[in-house]
Structures are given as C-alpha cells and as structure tokens.
Amino acid sequence: MFTYIIRRLIGAVAMLIVVSMVTFGIFFVVPQWAGATPEAMASRYVGRAATPETVHLVAERLGFNDPVVVQYGRFLKGLFTGAEYDYGAGVEQCPAPCFGYSFISGQPVWPDLVDRIPVTFALALGAAFIWVVAGVSVGVVSALRRGSFFDRVAMGTALAGVSLPIFFTGMVSLVVFSYGLGWTPPGGAWTDLSENPAQWAYNLLLPWITLAFLFAAGYARLTRAGMLETMGEDYIRTARAKGMRERDVVVKHGLRAALTPILTLFGIDFGLLIGGAVLTETTYTLPGLGQFAILAIRNQDLPQVMGVVLIAACFVVLANLIVDLLYAWVDPRVRLS
C-alpha cells in the first residue's frame, strides 16, 4: 500500500510539472511563435505611455530575450522560491508562489487567488456532497425498484438534469426561489464561514443545489446501471443464501462493488468543477475563482489568467490523486496489482 501511494504521488508531481510546462508554453512561447516580439510582451508591464526605449529596457530586464529554457526555469523558480521583477525604477520582490503581477492592479496575483479560493472550495465541496449523496441514493433505490413509478420519475429527472445547462437552471432557480418565493437570498450574497456559519450555508444553499443537480443526474444513472449489474452476480446470491441481512448485501457487497466507476467519474467531475464554478459563480455573483477568471479574460490580464489555470490544474491533479488512493480502499484488487 505504501508503494502504491508513493507511486501515485510521484505521478502527481510529474503531471504538475508537465502542466506547468504546457501553461508556460501557451502564455509565453506560443505568442512568440505567432509573431509577438519581446517588446510587445514587455509593453503590458509598462503601460501605453512608455517610450520604445523604456519598453526595450524592460524586455531585457524581465528576460524576454533569453532562451525559452532559461525563461521556464525562472518561471518555475518563482513558483517555489519567489521572483524578482526589475522594471528599471526598482526591483519588486514577489514572494513564493509567484504568479507575477496583475497588468491592471499592479499587485501580486497570488493574494487575489487566495481571497477567491475559499469561495470556490466552499461551492465545490458543498455541491459535491449533495450530488454524491443524492445521486448515489437515488440510483440505488431505482435499481432496487426497477420499473416502478419512482424509477421512471427519478430517471426522467436525471435525464433533465443532464440535459439542462447550469446557467438555465441557475436563472430559473433565482426567479422561482429567490425573487418569487423569497426562500433564498438573491445572487451576490456571501458571508465568511468564521463570521456566521448558518448564514454562510444559507447563502450557498441555492448555488449548491443548482450545481449539484447537473452532476447528481449522471451519478444516479451510473449507480443504477452498476447496481443492476452487480446485484445479479453469483456472490450476491451466495450472500443472501447465507442469511445476510438485505441491507448488508446491498451496501457491503452490491454498492461497494459498483463504486469503482463512480469514483472515477467523481475524480473527473470534482477536478473539472472550476468549469461549472465559472457559470455558477457568474449566475449568483459569487466572488470565487470562476468570476475572477471571467474578469481576467475580459481585461486580458495574462498573469491572473495563468494563475487560475495553474490552480485549476492543481485542483484536477489533486482530485484524481485522492480518487486513486480511494480505489485501494474500495477495491482490494488495486492494492494487489
């Protein structure tokens, strides 16, 4: 088991290095291949009023004329040990992890990301809990009551959940539950968890349900299919013949064997949740990474966009690493392999 964990950790680190190389290439190498000069890249750091001589000097000081390998090494070093930015008027110290300075505000990108990460994490974790519990529970009940009225209604609702986009269900939920019935606060309400936990959960309840509705639908269908296949296996009949309680047969033998594809899907969905967070946070005006990414793209703020991309990549790798470790707990055959 220890060897399995070490092997997965090494793979995760290697993947993060590859992601950093690809990200650096997209934002720094590809523009040069497209014809962007070092002076054109440096002009974003000095403003429109700078003279050509100043822009050329900044390009030299920032190392845009250096070989690509040297630039990437400097970029990677900044992530772990910090970086120094020499603009001519003085040297700016960017502490680790250094994602650079914003073109718009002139402030380091990392503190802005730290302020936004708790919002996105709160949205992701709450929605993930709801969609896993609701989706798996509905899928199990539907499989055990195959062909019943509950099964038809649940699978019909799941089909609607998979088909409807987040921005549509989000807007309908706002109109009905916030502005119509007044059960939930309108978009833009955010309270820190440490200040008022009850208000924090109340403000996020509708975004949680909206985001979870899309994912829970797929989990219900996948769980139902897996349970229908598993409950017909020989070892299920053997467990029942030995007199095991039906609840233990369903949970310990049927559901546990059907969890492997669900864990795979969860790792993919939870890791890519930043995509759903963009739409959900924009719909409900939540100050998270999704809304931060939208504003950075609109402002063409390269360091902020790159910071969001790297954070999202770490999110994906970490989620898949956790799922790999959960495989060994759910299915002992993974440890043996």
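Whatever comes next refers back to the structure up there.
None of the values given here were measured: they were computed from a predicted structure. (Residues numbered from 1 in each chain as written. Predicted model: local features only at pLDDT ≥ 70, side-chain atom pairs only at ≥ 80, totals over all residues. Heavy atoms only, no water.)

It is worth spelling out the overall build of the protein at this point. Per the secondary structure count, the protein includes 14 helices and 2 strands. Along the longest, intermediate and shortest principal axes, the C-alpha atoms of the protein span 85 × 55 × 40 Å. Counting every position in the protein, which comprises 337 residues, the buried fraction comes to 41%. (Helix = DSSP H or I, 4+ residues; strand = E, 2+ residues; numbered from the N terminus. Buried < 20%, exposed > 50% of the residue type's maximum accessible area, 1.4 Å probe, protein only.)

With 36 residues, helix α5 (residues 109–144) should cover 52 Å at 1.5 Å per step; its first-to-last C-alpha distance of 51 Å lies within 8% of that length. The largest bend in α5 is about 30°, located at Arg116, with the proline Pro118 one to four residues further on. (Expected span 1.5 Å × (residues − 1). Bend = angle between axes of the 7 residues up to and from the residue.)

With that settled, consider the packing of helix α6 (residues 149–163) against helix α8 (residues 197–230). Contact geometry for α6 and α8: axes closest at 8 Å, N-to-C directions at 135°. One finds that α6 runs oblique with respect to α8. In this structure, the crossing between α6 and α8 has a hand that is left-handed. Across from Asp151, Met155, Thr157, Ala158, Leu159, Gly161 and Val162 in α6, the residues of α8 making contact are Phe213, Leu214, Ala217, Gly218, Ala220, Arg221 and Arg224. Looking at the contact of α6 with α8 residue by residue, the classes come out as 8 nonpolar, 3 polar and 3 charged. (Axes fitted to C-alpha atoms, helices over the stretch in contact; angles between N-to-C directions. Parallel < 35°, antiparallel > 145°, perpendicular 65-115°, else oblique. Left-handed = near helix turned anticlockwise from the far one by under 90°. Contact = heavy atoms within 4.5 Å. Nonpolar A, V, L, I, M, F, W, Y, C, P; charged D, E, K, R; others polar.)

Locating Thr23 in the fold gives a position in helix α1 (residues 2–33). A polar side-chain atom of Thr23 sits 2.8 Å from the main-chain carbonyl oxygen of Val19. In this structure Thr23 touches Met306, Val309 and Leu310, once residues within four positions along its chain are discounted. (Polar contact = N/O pair within 3.5 Å; in protein donor to acceptor, adjacent residues only side chain to side chain.)

So, on to the packing of aromatic side chains. Across all of its chains, the model carries 8 aromatic pairs by this definition. Taking the centre distance of 4.4 Å and the plane angle of 25° together, the rings of Trp131 and Phe215 count as stacked. Separated by 84 residues along the polypeptide, Trp131 in helix α5 and Phe215 in helix α8 bring together distant segments of the chain. Judged by relative accessible area, which is 0%, Trp131 ranks as buried. For Phe215, a relative accessible area of 13% gives the class buried. Taking 6.1 Å as the distance between ring centres and 45° as the angle between the ring planes, the aromatic pair formed by Trp131 and Tyr219 counts as tilted. Taken together, the positions of Trp131 in helix α5 and Tyr219 in helix α8 put the pair 88 residues apart, joining distant regions of the chain. (Phe/Tyr/Trp six-rings, centres within 6.5 Å; stacked < 30°, edge-to-face > 60°.)

A surface patch of nonpolar side chains, amounting to about 1,100 Å² of accessible area, comprises Leu164, Phe167, Phe168, Val172, Val175, Val176, Phe177, Tyr179, Leu181, Trp183, Phe213 and Leu279. The element contributing the most residues to the nonpolar patch is helix α7 (residues 166–180), with 7 residues. Mapped onto the fold, Phe177 is located in helix α7. (Patch = residues over 30% accessible without salt bridge, like charges linked within 9 Å, V, L, I, M, F, W, Y side chains within 5 Å. Areas by Shrake-Rupley, 256 points an atom, 1.4 Å probe, with all protein chains shown as cover. Salt bridge = Lys/Arg side-chain N within 4 Å of Asp/Glu carboxyl O.)

This part covers the environment of Gly78. Relative to the helices and strands, Gly78 resides in helix α4 (residues 68–81). Between the C-alpha atom of Gly78 and that of Ala96, which follows or precedes it by 18 residues, the distance is 6.2 Å. Residues in contact with Gly78, not counting those within four places in the same chain, are Ala83, Ala96, Pro97 and Cys98.

This next bit is on helix α3 (residues 52–62). Looking only at α3, the buried set comprises Val55, Val58, Ala59 and Leu62. The arc enclosing the buried residues of α3, seen along the axis, measures out at 105°, which places them on a common side. (Arc of directions from axis to C-beta.)

Within the secondary structure layout, Leu286 lies in the loop between α11 (273–284) and α12 (289–298). Given a relative accessible area of 1%, Leu286 falls into the buried group. For the pair Leu286 and Arg116, spaced 170 residues apart in sequence, the C-alpha to C-alpha distance is 9.3 Å.

Before going further, it helps to examine the pattern of salt bridges. Under the defined criterion, the tally for this structure stands at 2 salt bridges. The shortest N-O distance in the salt bridge between Asp66 and Arg74 comes to 2.6 Å. Among the ionic pairs, Asp151 bridges to Arg224, the shortest N-O distance being 2.9 Å. Of this pair, Asp151 sits in helix α6 while Arg224 sits in helix α8, and the two are 73 residues apart along the sequence. Pair check on accessibility: Asp151 and Arg224 agree, each one buried.

Moving on to unusual backbone geometry. With an omega of -10°, the peptide bond between Ala96 and Pro97 qualifies as cis. Position of Pro97 among the secondary structure elements: in the loop between β2 (91–94) and α5. Backbone geometry at Thr285 places phi at a positive 55°, although glycine is not the residue there. Its place among the elements puts Thr285 in the loop between α11 and α12.

It is at 8 Å that the axes of α5 and α12 come closest, and there the two elements cross at 135°. Here α5 lies oblique to α12, going by the angle between them. Across the interface between the two elements, Asp112, Leu113, Arg116, Ile117 and Thr120 from α5 touch Leu289, Gly290, Gln291 and Phe292 from α12. Here the residues of the contact of α5 with α12 sort into 4 nonpolar, 3 polar and 2 charged.

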